[in-house]
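Listed below are the residues making up each chain.
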Amino acid sequence: GAGVSQSPSNKVTEKGKDVELRCDPISGHTALYWYRQSLGQGLEFLIYFQGNSAPDKSGLPSDRFSAERTGGSVSTLTIQRTQQEDSAVYLCASSPAETQYFGPGTRLLVL
Amino acid sequence: TQLLEQSPQFLSIQEGENLTVYCNSSSVFSSLQWYRQEPGEGPVLLVTVVTGGEVKKLKRLTFQFGDARKDSSLHITAAQPGDTGLYLCAGVSGGSYIPTFGRGTSLIVHP
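So, a few notes on the structure that sits alongside this text. (Residues numbered from 1 in each chain as written. Chains lettered and ligands numbered in written order. Predicted model: local features only at pLDDT ≥ 70, side-chain atom pairs only at ≥ 80, totals over all residues. Heavy atoms only, no water.)

### As for the overall build of chain A
Next, step 1: A tally of regular secondary structure across chain A gives zero helices and 10 strands.
Next, step 2: Along chain A, helices (α) and strands (β) appear in the sequence β-β-β-β-β-β-β-β-β-β when read from the amino end.
Next, step 3: Relative to a compact globule of 111 residues, whose C-alpha radius of gyration would be 13 Å, chain A shows 13 Å and is just as compact.
Next, step 4: Dimensions along the principal axes, computed over C-alpha positions, put chain A at roughly 35 × 30 × 25 Å.
Next, step 5: When each of the 111 residues of chain A is scored for burial, the buried share is 47%.
Next, step 6: Long-range pairs, those at least 24 residues apart, make up 53% of the contacts in chain A between residues at least 6 apart in sequence.
Next, step 7: Summing over all exposed atoms, chain A offers an accessible surface of approximately 5,400 Å²; the carbon and sulfur share of this is 47%.
Next, step 8: Across chain A, the 10 positively charged side chains and the 11 negatively charged ones have centroids separated by 4 Å. (Helix = DSSP H or I, 4+ residues; strand = E, 2+ residues; numbered from the N terminus. Rg over C-alpha atoms; globule rule 2.2 N^0.38 Å. Buried < 20%, exposed > 50% of the residue type's maximum accessible area, 1.4 Å probe, protein only. Contact = heavy atoms within 4.5 Å. Areas by Shrake-Rupley, 256 points an atom, 1.4 Å probe, with all protein chains shown as cover. Lys, Arg positive; Asp, Glu negative; His and termini not counted. Charge placed at Lys NZ, Arg CZ, Asp CG, Glu CD.)

This is the structure in structure tokens:
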């Protein structure tokens, strides 16, 4: 498939553990976004990558959250010492310009 | 912080009925997008409006951008069960690549 893929699709973890969420964007898309979607909430912006520029990390809620994008392609969102309030759907989107193409998301549940 | 207020939050209607969803803000946006999100999937872009007063039609869906570019509406004519989903609006301010999302309108169309 040519769409954005994310893995894992579901993740259950214990409070205090670290998790890594992966995003494979559409080939050739220079921009990549991470969002968090909690029940009843809109999409909360987390971080934005554009080409080789420094990422916009202004949406990361705490220093437990970090993300990297290797080779301008695959991105990994890492949450350290997970808390129950981190439970949400984490969505990745890639974009060639203005239109964003979203992946199916990773559903994270922190027990 | 720019906020996008969507109303109503929930809508449950019968097949064949018409409906309108609203997206309002006190901020001016250079463009506004509407997405539909189905359960277990990421949002899918329906339309982008960029000009104040602009009206776009997509089959039974009519999108309008307010003259002042602070609000937008989505009207669905003769709703069908396949229209069921979460409708999200997202605004982008000039010079920014990061959209602000509303919380969404959850629509259920009963056969």
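### A word on the state of the cysteines
Residue and element names in this part refer to chain B.
Next, step 1: Enumeration according to the criterion identifies two disulfides over all chains in this entry.
Next, step 2: The side chain of Cys-23 participates in a disulfide bridge whose partner is Cys-89; the two sulfur atoms lie 2.0 Å from each other. The sign of the S-S torsion, about 80°, decides the handedness of the disulfide formed by Cys-23 and Cys-89: right-handed. Of this pair, Cys-23 sits in strand β3 (residues 19–24) while Cys-89 sits in strand β9 (residues 85–92), and the two are 66 residues apart along the sequence. The burial state of Cys-23 is the same as that of Cys-89; both residues are buried. (Disulfide = S-S within 2.5 Å.)

### Overview of the sheet that holds strand β3 (residues 19–24) of chain A
All names here are of chain A.
Next, step 1: One open sheet holds the four strands; their spatial order is β1-β3-β7-β6, and the pairing between them is antiparallel. Pairing within the sheet leaves two strands with one partner each, and these edge strands are β1 (5–7) and β6 (65–69). Neighbour-to-neighbour, the strand axes of this sheet turn through a mean angle of 15°, independent of strand direction.
Next, step 2: Taken together, the five bridges between β3 and strand β7 (residues 75–79) define a ladder with antiparallel strand orientation. (Pairing = 2+ DSSP bridges. Axes fitted to C-alpha atoms, helices over the stretch in contact; angles between N-to-C directions.)

### Some thoughts on the packing of aromatic side chains
Next, step 1: Scanning the entire structure with this criterion turns up nine aromatic pairs over all chains.
Next, step 2: An angle of 15° between the planes, with centres 6.1 Å apart, marks the rings of Tyr-48 of chain A and Tyr-97 of chain B as stacked. Residue Tyr-48 of chain A is found in strand β5 (residues 43–50), and its partner Tyr-97 of chain B is found in the loop between β9 and β10 (100–101); the two belong to separate chains.
Next, step 3: For Tyr-48 of chain A, a relative accessible area of 8% corresponds to the buried category.
Next, step 4: Consider the rings of Tyr-35 of chain B and Phe-101 of chain B, whose centres lie 5.6 Å apart with planes at 40°: the pair is tilted. On the criterion of sequence distance, the pair formed by Tyr-35 of chain B in strand β4 (residues 31–37) and Phe-101 of chain B in strand β10 is long-range, its members being 66 residues apart.
Next, step 5: Taken together, the ring pairs connect Tyr-33, Tyr-35, Phe-45, Tyr-48 and Phe-102 of chain A together with Tyr-35, Tyr-97 and Phe-101 of chain B into an aromatic cluster. (Phe/Tyr/Trp six-rings, centres within 6.5 Å; stacked < 30°, edge-to-face > 60°.)

### Quick word on unusual backbone geometry
Next, step 1: Following Ser-7 of chain A, the chain continues to Pro-8 of chain A via a peptide bond in cis, the omega torsion being -10°.
Next, step 2: Tracing the chain through its elements places Pro-8 of chain A in the loop between β1 and β2 (10–13).
Next, step 3: Note that the residue after Ser-7 of chain B, namely Pro-8 of chain B, is joined by a cis bond; omega there is -10°.
Next, step 4: A positive phi is found at Arg-81 of chain A, a non-glycine position, where the angle reads about 50°.
Next, step 5: Relative to the helices and strands, Arg-81 of chain A resides in the loop between β7 and β8 (88–95).
Next, step 6: Residue classification places Arg-81 of chain A among the partly exposed residues on the basis of a relative accessible area of 41%.
Next, step 7: With phi around 60°, Arg-69 of chain B is a residue other than glycine that occupies positive phi space.
Next, step 8: Structurally, Arg-69 of chain B is set in the loop between β7 (61–65) and β8 (71–76).
Next, step 9: Residue Arg-69 of chain B is classed as partly exposed on the basis of its relative accessible area, which comes to 29%.

By themselves, these figures tell us nothing about what the structure is for.
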